[in-house]
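Residue strings, one per chain:
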Amino acid sequence: MHSALFESVASQICSLELVCRVLTVRSSPNRLFLMKLLFWSQPLVVQVFMLLGVTLLLLAPVSRQLARTHKSIISLQPPWTTVFEGETVTLTCKGFPFYSQQKTKWYLGKEITRETLANTLKVRESGDYRCQAQGSSLSSPVHLVFSSGDYVVLRCRAKEEVTPNTIYKDDNVLAFLKKSSDVHIPRASLKDNGEYRCTGHKRGCCSVSSNRVEIQVQELFSRPVLRASSSQPISGSPVTLTCETQLSLERSDAQLQFRFFRYGQTLGSGWSRSPNLEIATMWSEDSGFYRCKAATVNHSIISDSLGSWIQVQISMSLPVLTLSPKDALNFEGTNVTLHCETQGYSQGTSYQFYHEHVLLKHKSARSANGESISFLLTEEHSGNYYCTANSGRGPQGSKAVRLSVTVPVSRPVLTFGSVEDLNFEGAKATLHCEAQRGSLPILYQFYHEDVVLGSRSAHSAGGVVINFSVTAKHSGNYYCTADNGRGPQRSKAVKLFITVPVSRPVLTLSSPEALTFEGATVTLHCEVQKGSPRILYQFYHEDVPLGSSSTPSVGGVSFSFSLTAGHSGNYYCTADNGFGPQRSEAVSLFVTVPVSRPILTLRVPRAQAVVGDLLELRCEALRGSPPILYQFYHDDVTLGSNSAPSGGEASFNVSLTAEHSGNYSCEANNGLIAQHSDTVSLSVIVPVSRPILTIRAPRAQAVVGDLLELHCEALRGSSPILYLFYHEDVTLGKISALSGGGASFNLSLTTEHSGIYSCEADNGLEAQRSETVTLKVAVLVSRPVLTFRVPKPQAVVGDLLELHCEVLRGSPPILYWFYYEDVTLGNSSAPSGGGASFNLSLTAEHSGNYSCEADNGLGARRSEAVTLYITGLTGNRSGSVATGVTGGLLSMAGLAAGALLLYCWLSRKADRKPASDPSRSPSDSDSQQPTYRNVPAWAELQPVYSNVNPRREDVVYSEVRSIQKKKKKKHAAASDPGQLRNKGSPVIYSEVKVASIPAARSPLCVSSAPHG
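Bear in mind the structure is a predicted one, so any value in this text is a computation, not a measurement.

### What about the overall build of the protein?
- For the protein, the count of helices and strands is three helices and 77 strands.
- By sequence separation, contacts in the protein at least 24 residues apart represent 63% of the contacts at least 6 residues apart.
- Surface exposure of the protein reaches about 51,800 Å², of which carbon and sulfur atoms provide 52%.

### Considerations on the state of the cysteines
- Within the structure shown, the criterion is met by nine disulfides.
- At a sulfur-sulfur separation of 2.0 Å, the disulfide partner of Cys-433 is Cys-480. Linking Cys-433 and Cys-480, the disulfide has an S-S dihedral of approximately 75° and is accordingly described as right-handed. Here Cys-433 is found in strand S36 (residues 428–434), whereas its partner Cys-480 is found in strand S40 (residues 476–483), with 47 residues between them in sequence. With respect to class, Cys-433 is no different from Cys-480; both count as buried.

### A look at a nonpolar patch on the surface
- On the surface, Tyr-263, Phe-289 and Trp-309 cluster together into a nonpolar patch covering about 350 Å² of accessible area.
- As for its position among the elements, Tyr-263 is in the loop between strand S21 (256–262) and strand S22 (265–272).

### Quick look at the confidence of the model for the protein
- Per-chain confidence: the protein averages 76 in pLDDT, with 74% of residues scoring 70 or above.
- Predicted confidence is poor over residues 1–68, with pLDDT under 50, and the contacts of this stretch with residues over four places away or in other chains come to 236 contacts.
- Every residue in residues 909–1012 scores below 50 in pLDDT, and together they form 240 contacts with partners more than four places removed in sequence or on other chains.

### Let's talk about unusual backbone geometry
- Across the junction of Ser-719 and Pro-720, the peptide omega takes the value -5°, indicating a cis bond.
- In this structure, Pro-720 sits in the loop between strand S60 (707–713) and strand S61 (721–727).
- At Asp-635, a residue that is not glycine, the phi angle is positive and equals roughly 50°.
- Take Asp-635: it is sitting in the loop between strand S53 (628–634) and strand S54 (637–644).
- Residue Asp-635 is classed as partly exposed on the basis of its relative accessible area of 38%.

So, how was this worked out
- Residues numbered from 1 in each chain as written.
- Predicted model: local features only at pLDDT ≥ 70, side-chain atom pairs only at ≥ 80, totals over all residues.
- Heavy atoms only, no water.
- Helix = DSSP H or I, 4+ residues; strand = E, 2+ residues; numbered from the N terminus.
- Contact = heavy atoms within 4.5 Å.
- Areas by Shrake-Rupley, 256 points an atom, 1.4 Å probe, with all protein chains shown as cover.
- Disulfide = S-S within 2.5 Å.
- Buried < 20%, exposed > 50% of the residue type's maximum accessible area, 1.4 Å probe, protein only.
- Patch = residues over 30% accessible without salt bridge, like charges linked within 9 Å, V, L, I, M, F, W, Y side chains within 5 Å.
- Salt bridge = Lys/Arg side-chain N within 4 Å of Asp/Glu carboxyl O.
- pLDDT = per-residue confidence, 0-100.

See below:
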């Protein structure tokens, strides 16, 4: 491709996107680039030159610009005027307005190459391109033109093997290209006009040069010219100063600012976008030289106008017009003089005289006394006169002076408007009175049979009129008079005869007391108050004719008929004497029918009435004359009433509450008889409120075995109500309450009954759930078991005795108390349940009865007493002595235990009371005989003492359990003797069926175990 030059106005290159960007970011320079490319004849040697950036300035149009046809604008994308071979350039054509849909014609040279609906065209060929948008003229060819103040960037581009090094202007070095191939011109001006080219070095060859590109910088706007609305204003008058300039066609949308000066002093507020400056009042001292300045918004370009001289003139007073002589103005033929004079005389003042805006004469002043004109009066000289004075600054007018030449009136003429239409009453009559000659004003008066009807004054020719509505009294003679101060003149009389149309008739009904009876005779009478005879009367029932009658004289007529039920309705009559019928007002006639027994209907929005629903009571009597008054009752108490003016039904609404259950009825009454409907029963269901769950136990803390009552109650709600009881959301049961008061559900408590409880109430509308209630079931402690633990088979002085107390059942925490002969030794707590121990260093005084007590806050339980015997021997004796002593003691203990058991059994059998627990009930006793079994040899046992009866059974076991060396200690609870016997356990059991023993019995009966 050969090198090509696309010529374009620089301001036309901006794309639509860039314009929007400039509008948004006003302060940043927006650059647009153009480029020229030179293709050499050698292959692959192409030099590209001149990327030119243009800062777009958006300036408001300047006032008083010359109207002209807008050219189309062509732009390039990419914005280069020269491109590489094979590249595509998009041409964009903008018309006015810029953003309207338009057809576009494209030119290559002078030929039309294409016509498109869009405003863009992609090209690959070289040449001079132009475009023409619809509604705009042909664009200029694409060439490079810049406006003063634009930001220009020169860029030298080349292919890879060429290195740009220098840019020239008019063959003079402009800049050397080192790191960048750009040269920037921040503000283009006229001095930047010229031809530009760049040179470079081709690798391994030689120096090469680009083609030349010419830059032309145009002025953004012409030098401003100051214009004044008046160069010689009158003192005290306003003046408008205008600073006129012309923007270049390509930058017609640029905005300028203006400033005005007088003798170098700024006028107004300084710089302004308006090219006008209003000076409200100019005085003589404001005369002087004025000038203005125009500048771009950023003041990068400022231009001054030439000075203009403004001379303020001293004002001349308004002229005054006088008439003379004044006393002769009413006479025709009198000579009258008009004199016009003004203050502030200046030579060359001219005067003009006018009569009703018609020029009479023009005269130039010869002295400061003004000028005069004279003429003889005729009738035509009546009217307004004024004069003007002009000293070269425009004419000044005087106030008008009126001149009246009086002429006596002639005899007036009276006429009626449209006489043929005035022969009936109610017509609009127009009387017109006019004197053909006479000076104005003229006073006209109108008469009827010498009685004044009215008067009018005429200030212009044509006479006057009066209007009135004709009645029968207006028949007779009419005339008028005219007077302008020289005596009245009377017209001829005119006679008028009035025919009276009928007035609106009045219809009356006779025998009103009989109107409620069918078969009664009623008479309709129709009559007019005025109207010329003959008059025709007609009678109507609901627009249906009943009959007619005529009368030749004033008076009415009547029409009679027998009443039936169908005669209820509206009646009227008409009267007509030839001028059109007149209709009476309607009269209503009611043949009243007694109401039938009404029917009451209840309507609710659902099958069952619920509190809050809107109940509609609808009452209807199928027969009866309206109006019907309906009253509504609830249990014979009036709720309200409603009327049916046209018959039919009536309704009454009630917002339901619980009290609205009951019987409803209604009553219909049309003034003859009242009828009562049958009663209708309504039951209003109240939705249940949220129930309240109450837990009732026999004590403050629920205990296993207690009877627990769950009581659920909804304070509001219609019965029956179904109550459901839940434990941990598991249904326990349900109970229906046929009346109020709630429902209860009983439980015998176990440990599993601890947890969350709730209940639900449902009466068929919407179930309501109570709040949850948490219950904790406590377990009473069982009777504790006291166990002795000593380090040796026989407790001796100095040993450490461990008292261990434990219950098999009971809710923690448990507090254990330890007693010696009912004297408190101490206590110990088991926070998590189980047993507790108490240690004691033995002395000889510690022999005796021991017991313990367990308490978890629900009730204390005391263990059986356990007897401990302490010997004084130390534990270090050895040999056969210890063995012999031990054997002897065991033998004695065995005999003593047998005797003691027999004694305790006999005592219990006699008294039927517990042997060691006063709190035990009689049911704990048993009369069975004791049995003894499984009693091994005593010699080899290491004893542990306990007295076990945790469940208050009627058997007391005294257990001595042998603990062998290096074996764990057995639990001291009651054991099954049979099981121990079968296993060969080394335990001695003394089983005693307990009989009743007096409370004061010896403590020896408490324990039946032998003691060593």
